[in-house]
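Next come the chains, spelled out residue by residue.
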Amino acid sequence: MHDDLIHTLQTRFSKHMHRHPGWTWDKVLARLDAAPASLAVLQQMEDTGGEPDVIGHTGDTGAVTFCDCSAESPLGRRSLCFDADALAARKANKPAGSVMAMAQTMGITLLTQTQYRQLQELEPFDRKTSSWISTPASIRALGGALFCDRRYDQVFVYHNGAESYYAARGFRGCLSV
(Lines give C-alpha, C1' and ligand atoms only; values in the text may rest on other atoms or scores of the structure.)
Protein backbone atom coordinates (compact mmCIF):
# COMPACT_ATOMS: atom_id res chain seq x y z
CA MET A 1 0.00 0.00 0.00
CA HIS A 2 2.76 2.47 0.88
CA ASP A 3 4.54 1.70 -2.40
CA ASP A 4 1.43 2.80 -4.32
CA LEU A 5 1.22 5.99 -2.26
CA ILE A 6 4.93 6.76 -2.77
CA HIS A 7 4.50 6.23 -6.51
CA THR A 8 1.46 8.54 -6.57
CA LEU A 9 3.27 11.24 -4.58
CA GLN A 10 6.38 10.99 -6.76
CA THR A 11 4.34 11.23 -9.96
CA ARG A 12 2.43 14.27 -8.65
CA PHE A 13 5.69 15.85 -7.43
CA SER A 14 7.27 15.45 -10.89
CA LYS A 15 4.20 16.71 -12.72
CA HIS A 16 3.93 19.92 -10.66
CA MET A 17 7.51 21.12 -10.20
CA HIS A 18 6.29 24.75 -10.03
CA ARG A 19 4.90 23.99 -6.56
CA HIS A 20 8.35 23.17 -5.15
CA PRO A 21 11.15 24.75 -7.17
CA GLY A 22 14.64 23.69 -6.21
CA TRP A 23 13.49 20.50 -4.50
CA THR A 24 14.26 16.98 -5.62
CA TRP A 25 12.25 13.86 -5.00
CA ASP A 26 15.26 12.30 -3.24
CA LYS A 27 15.09 14.99 -0.51
CA VAL A 28 11.36 14.42 -0.05
CA LEU A 29 11.76 10.65 0.04
CA ALA A 30 14.48 10.97 2.68
CA ARG A 31 12.07 12.99 4.86
CA LEU A 32 9.32 10.39 4.38
CA ASP A 33 11.73 7.55 5.20
CA ALA A 34 12.72 9.36 8.41
CA ALA A 35 9.06 9.79 9.42
CA PRO A 36 7.21 6.63 8.34
CA ALA A 37 4.09 7.52 10.38
CA SER A 38 3.54 10.44 8.02
CA LEU A 39 2.65 7.99 5.25
CA ALA A 40 -0.56 7.01 7.04
CA VAL A 41 -1.54 10.68 7.26
CA LEU A 42 -0.71 11.29 3.60
CA GLN A 43 -2.74 8.20 2.67
CA GLN A 44 -5.77 9.66 4.46
CA MET A 45 -5.24 12.96 2.64
CA GLU A 46 -5.13 11.02 -0.62
CA ASP A 47 -8.13 8.80 0.24
CA THR A 48 -10.33 11.83 0.98
CA GLY A 49 -9.47 13.47 -2.34
CA GLY A 50 -6.84 15.96 -1.21
CA GLU A 51 -4.13 15.06 -3.73
CA PRO A 52 -1.31 16.06 -1.35
CA ASP A 53 1.84 17.54 -2.83
CA VAL A 54 4.94 19.32 -1.56
CA ILE A 55 4.41 23.09 -1.47
CA GLY A 56 7.30 24.23 0.69
CA HIS A 57 9.83 23.53 3.37
CA THR A 58 11.16 24.96 6.60
CA GLY A 59 14.71 26.14 6.20
CA ASP A 60 15.81 25.64 9.83
CA THR A 61 14.57 22.08 10.23
CA GLY A 62 14.41 20.92 6.62
CA ALA A 63 10.81 19.82 7.16
CA VAL A 64 8.82 19.38 3.97
CA THR A 65 5.27 20.76 3.84
CA PHE A 66 2.60 18.71 2.09
CA CYS A 67 -0.71 20.37 1.33
CA ASP A 68 -3.96 19.35 -0.33
CA CYS A 69 -3.58 20.41 -3.95
CA SER A 70 -6.81 19.08 -5.45
CA ALA A 71 -8.34 21.61 -7.84
CA GLU A 72 -11.46 21.82 -5.66
CA SER A 73 -11.93 21.32 -1.94
CA PRO A 74 -11.38 17.61 -1.20
CA LEU A 75 -14.58 15.70 -1.96
CA GLY A 76 -14.24 13.35 1.02
CA ARG A 77 -14.09 16.32 3.42
CA ARG A 78 -17.18 18.29 2.51
CA SER A 79 -20.55 18.87 4.16
CA LEU A 80 -19.02 19.34 7.61
CA CYS A 81 -19.66 22.09 10.11
CA PHE A 82 -16.64 23.82 11.65
CA ASP A 83 -16.09 22.24 15.09
CA ALA A 84 -17.60 20.14 17.89
CA ASP A 85 -19.38 23.13 19.47
CA ALA A 86 -21.00 23.97 16.12
CA LEU A 87 -22.03 20.35 15.65
CA ALA A 88 -23.58 20.23 19.12
CA ALA A 89 -25.44 23.51 18.47
CA ARG A 90 -27.30 22.10 15.47
CA LYS A 91 -30.74 20.94 16.51
CA ALA A 92 -31.77 19.37 13.20
CA ASN A 93 -30.13 18.15 10.01
CA LYS A 94 -26.77 17.59 11.65
CA PRO A 95 -23.85 16.95 9.32
CA ALA A 96 -21.78 13.78 9.64
CA GLY A 97 -19.10 15.60 11.61
CA SER A 98 -16.88 18.63 11.91
CA VAL A 99 -13.84 19.97 10.12
CA MET A 100 -11.73 20.31 13.26
CA ALA A 101 -12.48 16.76 14.46
CA MET A 102 -11.73 15.27 11.06
CA ALA A 103 -8.48 17.23 10.69
CA GLN A 104 -7.36 16.13 14.16
CA THR A 105 -8.25 12.50 13.46
CA MET A 106 -6.33 12.62 10.19
CA GLY A 107 -3.32 14.32 11.79
CA ILE A 108 -3.33 17.44 9.60
CA THR A 109 -3.73 21.11 10.38
CA LEU A 110 -6.24 23.42 8.79
CA LEU A 111 -4.75 26.09 6.55
CA THR A 112 -4.49 29.61 7.93
CA GLN A 113 -5.59 32.55 5.81
CA THR A 114 -1.93 33.28 5.00
CA GLN A 115 -1.25 29.66 3.99
CA TYR A 116 -4.40 29.59 1.85
CA ARG A 117 -3.30 32.75 0.01
CA GLN A 118 0.21 31.31 -0.47
CA LEU A 119 -1.31 28.13 -1.92
CA GLN A 120 -3.34 30.24 -4.36
CA GLU A 121 -0.12 31.89 -5.57
CA LEU A 122 1.00 28.50 -6.89
CA GLU A 123 -2.06 27.98 -9.09
CA PRO A 124 -5.84 28.56 -8.87
CA PHE A 125 -7.75 26.36 -6.42
CA ASP A 126 -11.39 26.32 -5.24
CA ARG A 127 -12.88 27.97 -8.31
CA LYS A 128 -16.18 26.09 -7.80
CA THR A 129 -15.95 25.10 -4.13
CA SER A 130 -14.82 26.75 -0.91
CA SER A 131 -12.65 25.64 2.00
CA TRP A 132 -12.95 26.31 5.73
CA ILE A 133 -9.77 27.83 7.17
CA SER A 134 -8.37 28.23 10.66
CA THR A 135 -10.47 30.81 12.46
CA PRO A 136 -9.30 33.26 15.14
CA ALA A 137 -10.73 32.52 18.60
CA SER A 138 -12.34 35.98 18.73
CA ILE A 139 -14.46 35.21 15.65
CA ARG A 140 -15.22 31.68 16.79
CA ALA A 141 -16.34 32.98 20.23
CA LEU A 142 -19.03 34.99 18.44
CA GLY A 143 -20.30 31.90 16.58
CA GLY A 144 -18.54 32.47 13.27
CA ALA A 145 -15.92 30.69 11.20
CA LEU A 146 -13.94 31.65 8.11
CA PHE A 147 -13.73 30.09 4.67
CA CYS A 148 -12.04 31.01 1.39
CA ASP A 149 -12.41 30.49 -2.31
CA ARG A 150 -11.21 31.88 -5.62
CA ARG A 151 -13.62 33.75 -7.86
CA TYR A 152 -13.02 36.31 -10.60
CA ASP A 153 -9.28 35.56 -10.35
CA GLN A 154 -9.26 36.83 -6.75
CA VAL A 155 -8.99 35.04 -3.41
CA PHE A 156 -11.85 35.89 -1.06
CA VAL A 157 -12.19 35.34 2.68
CA TYR A 158 -15.74 35.07 4.00
CA HIS A 159 -17.52 34.27 7.22
CA ASN A 160 -20.42 31.99 8.06
CA GLY A 161 -22.01 30.55 11.14
CA ALA A 162 -19.74 27.74 12.30
CA GLU A 163 -22.71 25.36 12.42
CA SER A 164 -23.38 25.77 8.69
CA TYR A 165 -22.32 23.17 6.13
CA TYR A 166 -22.56 22.90 2.38
CA ALA A 167 -21.98 20.21 -0.23
CA ALA A 168 -19.45 22.48 -1.96
CA ARG A 169 -17.49 23.47 1.17
CA GLY A 170 -14.77 21.30 2.62
CA PHE A 171 -11.34 21.96 4.01
CA ARG A 172 -7.71 21.76 3.01
CA GLY A 173 -4.98 20.67 5.37
CA CYS A 174 -1.23 20.52 5.56
CA LEU A 175 1.37 18.23 7.09
CA SER A 176 5.00 18.93 7.89
CA VAL A 177 7.31 15.95 7.51
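Here the structure is shown first, and the text comes after it.
Computed from a predicted structure; not experimentally measured. (Residues numbered from 1 in each chain as written. Predicted model: local features only at pLDDT ≥ 70, side-chain atom pairs only at ≥ 80, totals over all residues. Heavy atoms only, no water.)

### A word on the overall build of the protein
- Scanning the protein from terminus to terminus reveals 7 helices and 8 strands.
- Its C-alpha radius of gyration of 16 Å places the protein within 12% of the 16 Å reference for a compact globule of 177 residues.
- For the protein, the C-alpha atoms occupy an extent of roughly 50 × 35 × 30 Å along the three principal directions.
- Of the contacts made within the protein by residues no fewer than 6 positions apart, 61% connect residues no fewer than 24 positions apart.
- Here the protein displays about 8,900 Å² of accessible surface, and carbon together with sulfur accounts for 55% of that area.
- For the protein, the distance from the average site of its 18 positive side-chain charges to the average site of its 19 negative ones is 7 Å. (Helix = DSSP H or I, 4+ residues; strand = E, 2+ residues; numbered from the N terminus. Rg over C-alpha atoms; globule rule 2.2 N^0.38 Å. Contact = heavy atoms within 4.5 Å. Areas by Shrake-Rupley, 256 points an atom, 1.4 Å probe, with all protein chains shown as cover. Lys, Arg positive; Asp, Glu negative; His and termini not counted. Charge placed at Lys NZ, Arg CZ, Asp CG, Glu CD.)

### Examining the sheet that holds strand E1 (residues 52-57)
- Reading across the sheet, the 4 strands line up as E1-E2-E8-E3 and stay open at both edges, with antiparallel pairing between neighbours. Two strands bound the open sheet, and with one partner strand each, they are E1 and strand E3 (109-110).
- Where E1 lies against strand E2 (residues 64-68), 5 bridges are found, and the strand directions are antiparallel. Opposite valine 54, over in E2, you have phenylalanine 66 as the bridge partner.
- Lying on the sheet, helix H3 (residues 38-47) is in contact with E1, E2 and strand E8 (173-176); it crosses E8 at an angle near 160°. (Pairing = 2+ DSSP bridges. Axes fitted to C-alpha atoms, helices over the stretch in contact; angles between N-to-C directions.)

### Considering a nonpolar patch on the surface
- A cluster of nonpolar side chains, namely Tyr152, Phe156 and Tyr158, defines an oily patch on the protein surface of about 360 Å² accessible area.
- Checked against the element boundaries, tyrosine 158 lands in strand E6 (residues 154-161).
- Using a relative accessible area of 31% as the deciding quantity, one classes tyrosine 158 as partly exposed. (Patch = residues over 30% accessible without salt bridge, like charges linked within 9 Å, V, L, I, M, F, W, Y side chains within 5 Å. Salt bridge = Lys/Arg side-chain N within 4 Å of Asp/Glu carboxyl O. Buried < 20%, exposed > 50% of the residue type's maximum accessible area, 1.4 Å probe, protein only.)

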